Amino acid sequence: MLLDINVNKASKLKTFLLLTGAFFSSNLLAADINCNGKVTVVMDYPNTCDGNTAFKTDGSKGKWVCPASDKGNALVLAAVMSGKIVSVYINSQNGALTCANLPNYVKAKYVIIYP
């Protein structure tokens, strides 16, 4: 009986470790890309950007990026007004996207402005 309990615990532990490893490796493959740079242009394009603005950075290679929220809009506008650099994180779609091959009007997951 004691042996059965230990075997059951061991197999549960192995399953847990296997699933945890799969989760972390899938997150590594699905990493976000950072198309950072100075904001070069901002445009109000609510129909395409879910009510938000669209913008380009040096790192977006001429493609438009849509902030995820009104707060993202504010960060982009603050970056323009202050000349600050922003980091623009975009879902890489499991490595399929890079900053060089973004589609036009891609949605940013989040935007960071540096002091």
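What you are looking at is a predicted structure, and each value in this text was computed from that prediction instead of being measured.

About the thresholds
- The numbers attached to residues start from 1 for each chain and follow its sequence in the written order.
- Per-residue local features are limited, in this predicted model, to residues with pLDDT of at least 70; the limit for side-chain atom pairs, both in listing and counting, is 80 or more; totals at the level of whole chains, interfaces and linings are taken over all residues.
- Working from all heavy atoms in the structure, the side-chain values ignore hydrogens and water.
- Put simply, a disulfide is two cysteine sulfurs that come within 2.5 Å.
- Secondary structure is summarised from DSSP: a helix means a run of H or I of at least four residues, a strand means a run of E of at least two, and numbering begins at the N terminus for each.
- Burial classes: relative accessible area under 20% of the type maximum marks a residue as buried, over 50% as exposed, and values in between as partly exposed (1.4 Å probe, protein chains only).

(A) Structural context of the state of the cysteines. Under the defined criterion, the tally for this structure stands at two disulfides. Disulfide pairing is shown between Cys-35 and Cys-99; the S-S distance is 2.1 Å. Between Cys-35 and Cys-99 the sulfur-sulfur dihedral comes to about -105 degrees; the bridge is accordingly left-handed. Highlighted residues: Cys-35 in the loop between strand S1 (32–34) and strand S2 (37–44) and Cys-99 in the loop between strand S5 (85–91) and strand S6 (106–107), separated in sequence by 64 residues. Classification of Cys-99 as buried rests on a relative accessible area of 17%. Note that Cys-49 is cross-linked by a disulfide to Cys-66, the S-S spacing being 2.0 Å.

This is a description of form; function is not addressed.
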